[in-house]
Amino acid sequence: MEPRSQRRRRSRQLVAAFLRDPGSGRVYRRGKLIGKGAFSRCYKLTDMSTSAVFALKVVPRGGAGRLRLHGKVEREIALHSRLRHRNIVAFHAHFADRDHVYMVLEYCSRQSLAHVLKARRTLTEPEVRYYLLGLVSGLRYLHQHRIVHRDLKPSNFFLNKNMEVKIGDLGLAARVGPTGHCHRVLCGTPNFQAPEVVSRNGHSCKSDIWALGCVMYTVLTGTPPFAAAPLSEMYRRIREGHYPKPAHLSPSARSLIARLLAPDPAERPSLDHVLQDDFFTQGFTPERLPPHSCHSPPGFAFPPQLGRLFRKVGQLLLTQCRSPCPFTSKEPSGPAEEGTEPDHLESSNGDRVPLCAESPVLLTLGTLQTNLADPKGSWALQVEAATRKMHLCLDAGPVAAQEPPGEQRPVLWAPKWVDYSLKYGFGYQLSDGGSGVLFRDGSHMALRPQGGHVSYQPDQGTLWTFALRDVPSPLRAKLAVLRLFDCYMQRRLREEETVSMAVAPASLDFSLLNFIADSRALVMLFSNGTVQVSLRTSQTQLVLSGEGEGFLLTLWELGRPGTGSSYSLDVLRSHGCTPAIHQHLRHALCLLHSVR
Ligand SMILES: Nc1ncnc2c1ncn2[C@@H]1O[C@H](COP(=O)(O)OP(=O)(O)OP(=O)(O)O)[C@@H](O)[C@H]1O
């Protein structure tokens, strides 16, 4: 039979069915045991007066090493109870009785990322972006408060009912001193310890960033990057930053992991730079994850209303380059100015030649709203500038008998677009990886490849920029449409493997000013003066960029070898343009002039 003293000790460790917080007077009902940690147990808890549900973390006060444990719990309470952030498990209250210390925490009903990983083994890259976005946000908050977590790992990343991720278990967290480091102790989960921790040089915020790299690697591959036994061998690999390179991951995932797992802490990126990495800016990040993603890979279903838009946009994408667009025709926006004959142009030898055999029937057109205070942004001036550019080509030399000698140059243009302007807007993707939408209401929003910044222009004279997470709620619907378009265009780009030379990113105020389309062609005028003419039937794209002697005509033709050739003004002057280019440019001029 069990001795009486032992029975007494055991019964003292049982947690009462009802608990009263003497500080607040609140009475709680203890629910089922959720799980056990090395020093603690976790129960479901209900506030009897409000029925609110919490998690109760219970740490016994007695037993061997109680003084050390007591100090640890006190430190955890002192740090955790002051924190308030949507990506940190909320700390509601704490109290104690003779046997236990109790912490009343936010209840995370979907357990932790470790549980998800156990069921799934690996996660998809969009899911990893989603989780990391929340974790980086919570971690940034901790670091701003000079707190290092020191035990970042999947089992400490909790998930609430809505699949929001929360950093929890601050049992090992510590404040950094004036040097940016905390005590030189070896703590945390061995696999995720940073080189400087293993070498006993102390933790800093950069040690948490290393752990984030280990987490990213683990959730994408199913195994931690450093897992060799014995421990001394694993520590050697950690110090050298030597881990198996996962060839099956995307280049941007591999590159971000390598940046996070830099052996020198100074070389690891800051949290802000993490979010500016290509892994985030070039890939789709879901706004939320469905609960079933705890067990099976999500299909990234959009909310019903966006899902319908998504399908419609898909249909449009499939038809946009083949047949005339299924839009109703629009009247030209105004009559031609008196005395001008928009259906004719001056040829290089002064003859008047017809621009088009017949007047174009406009299908769609859109304009970035002009700011009345800035008359430079008028449609007439933009058309005039575009017309000048087209004439540079048409008038440069004789009609060429054969293709002029071209060269590959980096050009900023829009390889893909989605015309859904009758309902939402006109979306385009740029060769720098950014994308934009000119909305029906005349505003423009763009997602910049560098840093995932969002630029918003309600009109031509006004520019607002935001970090992706800070886009204000009134603009969130537009952002959703922009990201939807972006996601579709990205997938299509991958399918068709449109190759462009690497190009410098567009400036923050870069935008699509106007687009105009008929059944044959689409003309886009960009704010940097670039004019793009996209021919629907032949899948040819002409881009007129640069100014003066820096002017370039670039030609893309789908399925043609050596496509993407650029011709300088000198080459055009000496060789001229092919008859096909002449024909396309004339049609584009005709389109522009029809709405002048
Ligand atoms: N806020 C919470 N909401 C829901 N479940 C939780 C919460 N906090 C902890 N748990 C669950 O309770 C169990 C014990 O958690 P606890 O943090 O006490 O220990 P641990 O993290 O598993 O281990 P250790 O303390 O040794 O690191 C885990 O299964 C965890 O998923």
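An unreviewed UniProt entry annotates the protein as Serine/threonine-protein kinase PLK originating from Microtus ochrogaster. Its UniProt record, at the heading Catalytic activity (unreviewed entry), says of the protein: "L-threonyl-[protein] + ATP = O-phospho-L-threonyl-[protein] + ADP + H(+)".

J.: How do you make sense of the UniProt feature "binding site: ATP" (unreviewed entry) in the protein when you look at a structure like this?
T.: UniProt records the feature "binding site: ATP" (unreviewed entry) at K57, using the numbering of this structure. Residue K57 is classed as buried on the basis of its relative accessible area of 13%. In this structure, K57 is in contact with S40, R41, E76, V101, Y102, M103, L105 and D169, ignoring residues within four places of it in sequence.

J.: Sorry, what's going on with the site of the ligand here?
T.: In the neighbourhood of the ligand, 18 residues make up the surrounding shell, with A38, S40, C42, E106 and C108 lying closest. Take A38: an N or O atom from its main chain is 3.1 Å from an oxygen atom of the ligand. With respect to the ligand, the backbone of E106 contributes an N or O atom lying 2.8 Å from a nitrogen atom. Summarising the interface, the protein chains cover 86% of the accessible area of the ligand, which totals 610 Å² for the free molecule. In this structure the site holding the ligand corresponds to the second largest pocket. Listed by contribution, the elements that provide at least two residues to the shell around the ligand are β2 (27-36) and β4 (53-60). The residue makeup of the shell around the ligand, split by class, is eight nonpolar, five polar and five charged.

J.: What is the right way to read the sheet that holds strand β1 (residues 18-20) from this model?
T.: Sheet strands line up and pair through hydrogen bonds in the backbone, either parallel or antiparallel. Ordered by their spatial adjacency, six strands build an open sheet running β1-β2-β3-β4-β6-β5, and the pairing between neighbours is antiparallel. At either end of the open sheet lies a strand with only one pairing partner, and these are β1 and β5 (91-96). Pairwise comparison of adjacent strand axes, ignoring direction, gives a mean angle of 35 degrees for this sheet. Judged from the six bridges that link them, β2 and strand β3 (residues 41-47) form a sheet pairing that is antiparallel. By the bridge assignment for β3, G35 is matched with C42.

J.: Got a minute to help me understand the sheet that holds strand β17 (residues 435-439) in this structure?
T.: The sheet built from six strands is open, its strands ordered β15-β16-β17-β18-β19-β20 with antiparallel pairing. Looking at which strands have only one partner, the edges of the open sheet turn out to be β15 (416-420) and β20 (462-467). Strand-to-strand twist in this sheet, taken as the mean axis angle between neighbours without regard to direction, amounts to 15 degrees. Bridge count between strand β18 (residues 444-447) and strand β19 (residues 453-459): four bridges; the pairing is antiparallel. Opposite L447, over in β19, you have V454 as the bridge partner.

J.: Explanation requested: the side chain of Q532 in the structure shown.
T.: Counting through the fold element by element, Q532 comes out in strand β23 (residues 531-535). At a separation of 3.3 Å, a polar atom in the side chain of Q532 contacts the side chain of S534. Those residues within four positions of Q532 in sequence are excluded, and the remaining contacts are W413, A414, L522, V523, M524, F526, Q541, L542 and V543.

J.: Explain the pairing of strand β24 (residues 540-545) to me, please; I cannot follow it from the model alone.
T.: A regular strand places its side chains on the two faces of the sheet in alternate fashion. Most of β24 sits out of view: six of its six residues are buried. Here β24 shows a buried face lined by T540, L542 and L544 and a second buried face lined by Q541, V543 and S545. Sheet topology note: the β23/β24 ladder contains five bridges and is antiparallel. Bridged to S534 within β24 is Q541. Sheet topology places β24 next to strand β25 (residues 552-557); six bridges connect them, and they run antiparallel. Its bridge partner being in β25, Q541 is matched across the sheet by W556. Hairpin geometry of β24 and β25 is characterised by an intervening segment of six residues between the two adjacent antiparallel strands and by a positive phi of about 75 degrees at G546.

Parameters at a glance
Residues numbered from 1 in each chain as written. Predicted model: local features only at pLDDT ≥ 70, side-chain atom pairs only at ≥ 80, totals over all residues. Heavy atoms only, no water. UniProt positions renumbered as here; feature names shortened; annotations may be inferred. Buried < 20%, exposed > 50% of the residue type's maximum accessible area, 1.4 Å probe, protein only. Contact = heavy atoms within 4.5 Å. Near = heavy atom within 4 Å. Polar contact = N/O pair within 3.5 Å; in protein donor to acceptor, adjacent residues only side chain to side chain. Areas by Shrake-Rupley, 256 points an atom, 1.4 Å probe, with all protein chains shown as cover. 1 Å grid on protein atoms, 1.4 Å probe; cavity = no way out; pocket = protein on both sides within 12 Å on 5 of 7 lines; lining within 4 Å. Sits in = over half its atoms within 2 Å of the grid points. Helix = DSSP H or I, 4+ residues; strand = E, 2+ residues; numbered from the N terminus. Nonpolar A, V, L, I, M, F, W, Y, C, P; charged D, E, K, R; others polar. Pairing = 2+ DSSP bridges. Axes fitted to C-alpha atoms, helices over the stretch in contact; angles between N-to-C directions.

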